[in-house]
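Residue strings, one per chain:
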Amino acid sequence: MESNTDLNDSRLANAWAELHNHAVSGNPLHADAYRLAFADPEFMLRRETRGIRFQLEMLKPDLGQTAQGIENTVVVYGSARFLAPEDAAQQLTDAEASGDAERIARARLAVRNAGYYDLARRFARVVAEYSEQRPPAERIYICTGGGPGIMEAANRGAHEVGALNVGLNIALPHEQSGNRYISPSLSYKFHYFALRKMHFMMRAKALVAFPGGFGTLDELFEVLTLVQTGKAKPVPIVLFGTEFWKKLVNFEALVEEGTISAADLNLFRYTDDPEEAWGFIKAFYKL
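The following paragraphs examine the structure supplied in this document. All of these numbers come straight from a predicted model, not from anything done at the bench.

### Here we look at the nonpolar core
Step number 1: Counting 30 residues, the largest nonpolar core has Val74, Val76, Phe123, Ile142, Val208, Phe210 and Trp278 as its most contacted members.
Step number 2: Looking at this core, the elements with two or more residues in it are strand 1 (73-77), helix 5 (101-132), helix 6 (150-159), strand 5 (204-209), strand 6 (237-240) and helix 11 (274-285).
Step number 3: By residue number, the principal contributor to this core is helix 5, which donates 10 residues.
Step number 4: Leaving out residues up to four positions away in the same chain, Phe210 has contacts with Val76, Tyr77, Gly78, Tyr116, Leu119, Ala120, Ile150, Thr216, Phe240 and Trp245.
Step number 5: Residues Val166, Leu220, Leu224 and Phe268 belong to the second largest nonpolar core, which totals 29 residues.

### Examining the layout of surface pockets
Step number 1: When its volume is computed, the second largest pocket comes out at roughly 850 Å³.
Step number 2: Contributing to the lining of the second largest pocket are 31 residues, with Gly78, Ser79, Ala80, Arg81 and Gly213 lying nearest its centre.

### Side note on the side chain of Arg203
Step number 1: Note on placement: Arg203 falls in the loop between helix 7 (193-202) and strand 5.
Step number 2: Non-local contacts of Arg203, meaning those with residues more than four positions away in its chain, are made with Asp62, Gln65, Thr66, Ile70, Glu71, Asn72 and Thr73.

### Focus: a negative patch on the surface
Step number 1: A contiguous patch of negative charge on the surface is contributed by Glu243, Asp272, Asp273, Glu275 and Glu276.
Step number 2: Within the secondary structure, Asp272 sits in the loop between strand 7 (269-271) and helix 11.
Step number 3: By relative accessible area, which is 46% here, Asp272 ends up partly exposed.

About the thresholds
Residues numbered from 1 in each chain as written. Predicted model: local features only at pLDDT ≥ 70, side-chain atom pairs only at ≥ 80, totals over all residues. Heavy atoms only, no water. Core = buried A, V, L, I, M, F, W, Y, C linked by side-chain atoms within 4.5 Å. Buried < 20%, exposed > 50% of the residue type's maximum accessible area, 1.4 Å probe, protein only. Helix = DSSP H or I, 4+ residues; strand = E, 2+ residues; numbered from the N terminus. Contact = heavy atoms within 4.5 Å. 1 Å grid on protein atoms, 1.4 Å probe; cavity = no way out; pocket = protein on both sides within 12 Å on 5 of 7 lines; lining within 4 Å. Points joined across faces, edges and corners; volume = space filled by probe spheres on them. Patch = residues over 30% accessible without salt bridge, like charges linked within 9 Å, V, L, I, M, F, W, Y side chains within 5 Å. Areas by Shrake-Rupley, 256 points an atom, 1.4 Å probe, with all protein chains shown as cover. Salt bridge = Lys/Arg side-chain N within 4 Å of Asp/Glu carboxyl O. Lys, Arg positive; Asp, Glu negative; His and termini not counted. Charge placed at Lys NZ, Arg CZ, Asp CG, Glu CD.

Geometric descriptors of this kind do not, in isolation, establish any biological role.
Here is the structure:
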């Protein structure tokens, strides 16, 4: 059994998360007026100190990225559920061996969707290879939500060419951690979705949205709204997977119903090719 005096960086750093989970489970610590305020979990987790926690979640990733020269990013969104091609192939092999028709159908869908994982990986490689040839101040870094699926694929593509890349993970009720391809010094964890969203936009020079679920749609429409209303500077917004997006959202119907203008359709571009996606971004900034 590890003694109380055998402390290490990992144990100390994770102590706050453990104390938070302990309190959320209905096991608050006994009040102790003599604790230092910033070292008092019960005090720091109070409703009244939420504003302080907001500030900390804004400040830590901002300072960390600035110190490492991360000023320009391409943010890649997409499903956390898409598998790498090799994992999807193995899943299909196992499903076919089981003879379970429903399992086989799900595995075949996974194999199909794994194509998007490969494309996201290739897109990130293209961006990273370009940036690695530029002076540090002109580099553009891949940034994702830090999870599995499309996020992992994009971080992986940048990692494979030795480029720094960013992961902005979020604490969720189910177990989750940053994928293994994020640069360790740029792997951040957030409690508040709102602060995480702000960090996505603070350095974003482009948004590339691959097929995804509620989270992807949430981020996409938020960026579209910010740009449409002039609350954010125009940036290239690329919808990767033409068939998927046109099937999912009938933007032309919004024009027909008068809820958006025809000019709003120019806020984004469709593509199915990594090079073309990067070409849109390069053309926008005349790189």
